[in-house]
Amino acid sequence: MVHRIHNFNPGPCALPLPVLEKAAAEMFDYKGTGMSVMEVSHRSAEFDEIINDAGLLMKDLLGVPESYHVLFLGGGASTQFYFIPMNFLGGGTADYVNTGSWSKKAIKEAGLYGTVNIAGTSEETNFNFIPKQEGLKLTADAKYVHYTSNNTIFGTEFHYVPETGNVPLICDMSSDIMSRPVDVSKFGLIYAGAQKNLGPSGVTAVVVSDELIEAGAEDIPTMTQYRTHAGKNSLFNTPPCWNIYILKLFLEWVKDEGGLAEMNARAQKKADLIYGAIDEMGNFYKGHAEVDSRSRMNATFNLPTEEMEKQFVAEAAKEGLGGVKGHRSVGGIRISMYNATAIESVKAVVDLMEDFRGKNK
Ligand SMILES: *Cc1c(COP(=O)(O)O)cnc(C)c1O
């Protein structure tokens, strides 16, 4: 047996072992080519098959309608923070919901290309809740509405899809894509850096309606126009080939395991375990997020003292639990449990929480 830890890294993060095994088995000789996927041409029949399969799996698993394109782009989700306003804002107004660090970064870029209306925010309380639909102050003629469906750092998650009427809805789904079924037809564009729920870092999946692709600006650099990549099956230039290959293996694994219905059931189980423990030991572990805004992907909580938090991280490491330290903007502990995180790993954390409290209360 290979040595593997219980990996709670927030991203890059755990990948399913079968994905790594398959990649290892195909490393030196991919399908009889005598080359690894890193060495084949992106114009080859082999790579064509990989990128086509990856796209088909995205469409199949997410239920993407015919009138959308799936793109695989370089530069990470952060590149989409400026691609989006560059393409669609053009001096107009866009509505942004500000639910944390990633939203703020997206807002900053949008400000370079037009007016940003903050349609809702939880900044005053260190982003511990998700604004409700009734509270959103939407602009009637906005170019689009942007939100971050899961706030990786703060541990909050939208449990509804905002209603925006005729205004296109754009979502940064980097840290909860593929963790539950979504109605893609409600969105103009969905994007996700792959390194949380889809695979390795360095490739970003974009699902975008043909209508928005058409509406995009034409007086911006070729590489920043969605139509460029849509028209060339994401092969306008050399894409992150290896990353797309691992993403494809990851999606095959999701499908084999039972698709989004199964990922959804597992996410709920994992979240129930961890939040159950937090609630049961509420005088010791304090959850950061309000109960109805809790993320199923990242559970954030604090211990009675900072010293104890340090000790907890150290004890976790001793038990083979890695990546549990919280982000500096919340402190404390963050347990990230994406698609590839096993239920057993979350059980190991709960065991540690009980044990640690027993020794320190
Ligand atoms: C990790 C993350 C990002 C940043 O992704 P990069 O690929 O590093 O640019 C953006 N948004 C969310 C919600 C994230 O979790």
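What you see is a predicted model, and the numbers here were worked out from it, not measured in a lab.

Procedures and definitions
- Going along each chain's sequence as written, the residues are numbered from 1 onward.
- Totals for whole chains, interfaces and linings use all residues, but because this is a predicted model, local features are given only for residues with pLDDT of at least 70 and pairs of side-chain atoms are given and counted only at 80 or more.
- As a rule here, side-chain values come from all non-hydrogen atoms in the structure, and water together with hydrogens is ignored.
- Any residue with a heavy atom positioned within 4 Å of a molecule or strand is treated as near that molecule or strand.
- Any pair of nitrogen or oxygen atoms within 3.5 Å is treated as a polar contact; in protein, a donor-acceptor pairing is required on top of that, and neighbouring residues in sequence qualify only through side-chain atoms on both sides.
- Each residue gets one label: Ala, Val, Leu, Ile, Met, Phe, Trp, Tyr, Cys and Pro are nonpolar, Asp, Glu, Lys and Arg are charged, and the others, such as Gly, are polar.
- Helix and strand definitions follow DSSP, with helices as H or I runs of at least four residues and strands as E runs of at least two, each counted in order from the N terminus.
- When accessible area is computed with a 1.4 Å probe and restricted to protein chains, residues below 20% of their type maximum are described as buried, those above 50% as exposed, and intermediate ones as partly exposed.
- Points on a 1 Å grid, built from protein atoms alone, make a cavity when a 1.4 Å probe fits but cannot get out and make a pocket when they are open with protein on both sides within 12 Å along at least 5 of 7 lines; residues with an atom within 4 Å of a point are the lining residues.
- Grid points are joined across faces, edges and corners, and a volume is the space filled by probe spheres set on the points.
- When a carboxyl oxygen of Asp or Glu lies within 4 Å of a side-chain nitrogen of Lys or Arg, that pair is called a salt bridge.
- For each domain, the first and last residues come from an automatic or database assignment.
- Residue contacts follow a heavy-atom distance rule, with two residues in contact if any of their heavy atoms lie within 4.5 Å.
- A 1.4 Å probe defines the accessible area here, and the buried area is the portion of it lost by two parts on being joined, summed over both.

Student: Mind laying out the site of the ligand, listing which residues take part and the relevant values?
Tutor: In the region of the ligand, 13 residues are neighbours, and Ser78, Thr152, Asp172, Gln195 and Lys196 sit closest. Side-chain polar atom of Asp172 to a nitrogen atom of the ligand: 2.7 Å apart, as the coordinates give it. Looking at side-chain class alone, the shell around the ligand contains 3 nonpolar, 8 polar and 2 charged residues.

Student: Which residues make up the environment of Lys108, and what values do they have?
Tutor: Tracing the chain through its elements places Lys108 in helix H4 (residues 101–110). Given the relative accessible area of 63%, Lys108 is considered exposed. Remark: the alpha-carbon pair of Lys108 and Gly332, spanning 224 residues in sequence, is separated by 27 Å.

Student: So, empty space enclosed by the protein: which residues are in play, and what are the values?
Tutor: Scanning all chains against the criterion turns up 1 cavity of 30 Å³ or more. Empty space within the largest cavity amounts to approximately 40 Å³. Along the walls of the largest cavity sit Gly155, Tyr275, Ile278, Gly287, His288, Ala289, Arg294 and Thr300, which together make up its complete lining.

Student: Can you break down the pattern of salt bridges residue by residue, with the values?
Tutor: For the structure on display, the rule yields 12 salt bridges. Of the charged contacts, one joins Glu123 and Lys104 as a salt bridge, the two residues approaching to 2.7 Å between their closest N and O atoms. You can see Glu123 sitting in the loop between strand E4 (115–121) and strand E5 (145–148) and its partner Lys104 sitting in helix H4, a full 19 residues away along the chain. Across the pair Lys359 and Glu315 runs a salt bridge whose closest N-O atoms are separated by 3.5 Å. A residue pair is termed long-range when its members are at least 10 positions apart, and Lys359 in helix H10 (residues 343–360) and Glu315 in helix H9 (residues 306–318) qualify at 44 residues. Judged by relative accessible area, Lys359 falls into the exposed class, the value being 53%.

Student: Any details on the domain arrangement of the chain? Residues and values, ideally.
Tutor: The accessible area lost on association of the parts is a frequent measure of interface size. The assigned domain composition of the chain is domain 1 (18–257) and domain 2 (259–360). The centre of domain 1, based on its C-alpha atoms, is set 27 Å off from the matching centre of domain 2. Taken residue by residue, the interface counts 32 residues in domain 1 and 26 residues in domain 2. Around 2,400 Å² of area is buried between domain 1 and domain 2 when both sides are counted, 52% of it from carbon and sulfur atoms. Applying the counting rule to domain 1 against domain 2 returns 2 salt bridges. Asp292 is paired through a salt bridge with Lys132; the nearest N and O atoms lie 3.3 Å apart. Counting the contacts that link domain 1 with domain 2 gives 19 residue pairs in polar contact (both at pLDDT 80 or more). Among the secondary structure elements, those contributing two or more residues to the side of domain 1 that touches domain 2 are helix H2 (45–62), strand E6 (150–151), strand E7 (156–157) and helix H7 (241–257). Top contributing element to the side of domain 1 that touches domain 2 by residue count: H7, with 5 residues. Grouping the constituent residues of the side of domain 1 that touches domain 2 by class yields 13 nonpolar, 12 polar and 7 charged.

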